[in-house]
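# Inside the fold
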Amino acid sequence: MSAVRLAVTVVSTAIAVSRHPAVRAGVQAVVNNPKARETAISTTRNVAYNAGVIARHVLGRNKT
């Protein structure tokens, strides 16, 4: 599976999950709680960074 096709699949799945009422209720609960909001922001940043590290390992760096 190509990287582009995988990315489209992940984004499509994320959109579908975000529309679920239970997910929306959970997000609303986190938004209303400042400590949970800070934890969610920190966790999201860490996950995004780690995903970038994994992507660089898998795809390699562009060497010119």
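Residues numbered from 1 in each chain as written. Predicted model: local features only at pLDDT ≥ 70, side-chain atom pairs only at ≥ 80, totals over all residues. Heavy atoms only, no water.

## With respect to the environment of Ala14
To keep it simple, the criterion reads: Starting at the N terminus, helices and strands are each numbered in turn, a helix being any DSSP run of H or I of at least four residues and a strand any DSSP run of E of at least two.
Along the polypeptide, Ala14 turns up in helix H1 (residues 3-18). For the pair Ala14 and Asn50, spaced 36 residues apart in sequence, the C-alpha separation works out to 18 Å.

## Considering helix H3 (residues 34-59)
Selection criterion: Take the number of residues in a helix, subtract one, and multiply by 1.5 Å to get its expected span.
Taking 1.5 Å per residue, 26 residues should reach 38 Å; H3 reaches 37 Å between its end C-alpha atoms and fits that length. At the exit of H3 stands Gly60, carrying a positive phi of roughly 80°.

## Focus: the domain arrangement of the chain
To keep things clear, this is the line we draw: For the domain bounds, the source is a domain assignment made automatically or taken from a database. Contact definition: two residues touch when any of their heavy atoms are within 4.5 Å. Here the buried area means the combined drop in accessible surface, using a 1.4 Å probe, for two parts upon being joined, counting both sides. What makes a salt bridge here is a side-chain nitrogen of Lys or Arg within 4 Å of a carboxyl oxygen of Asp or Glu, nothing more. Three categories are distinguished: nonpolar for Ala, Val, Leu, Ile, Met, Phe, Trp, Tyr, Cys and Pro, charged for Asp, Glu, Lys and Arg, and polar for the others, with Gly belonging to the last.
You can read the domains of the chain as domain 1 (1-32) and domain 2 (33-63). The partner domain 2 presents six residues to the five residues of domain 1 that form the contact. Roughly 340 Å² of surface becomes buried between domain 1 and domain 2 when both sides are summed, with 56% attributable to carbon and sulfur atoms. Ranking the residues of domain 1 by area buried against domain 2 places Val30, Val31 and Asn32 at the top, with a combined share of 82%. Scanning the region where domain 1 abuts domain 2 turns up zero salt bridges. If you tally residues by element for the side of domain 1 that touches domain 2, the top one is helix H2 (residues 21-31), at three residues. Residue classes in the side of domain 1 that touches domain 2 are distributed as four nonpolar, one polar and no charged.

## Topic: the environment of Gly26
We count it as follows: Only protein chains enter the accessibility calculation, which uses a 1.4 Å probe. A residue is then buried if its area is under 20% of the maximum for its type, exposed if over 50%, and partly exposed in between.
Considering the arrangement of structural elements, one finds Gly26 in helix H2. On the basis of relative accessible area, Gly26 is assigned to the partly exposed category, the value being 34%. Taking C-alpha positions, Gly26 is 33 Å from Val58, a pair spaced 32 residues apart along the chain.

## Let's talk about a nonpolar patch on the surface
Under the convention used in this document: The patches described consist of residues with a relative accessible area above 30% and no salt bridge, like charges being joined within 9 Å and nonpolar side chains (Val, Leu, Ile, Met, Phe, Trp, Tyr) within 5 Å. Using the Shrake-Rupley algorithm and a 1.4 Å probe, accessible areas are obtained, with residue cover drawn only from the displayed protein chains.
Taken together, Val17, Val23, Val27 and Val31 make up a surface patch of nonpolar side chains, about 280 Å² in accessible area. Looking at which element gives the most residues to the nonpolar patch, the answer is H2, with three residues. Structurally, the position occupied by Val23 is in helix H2.

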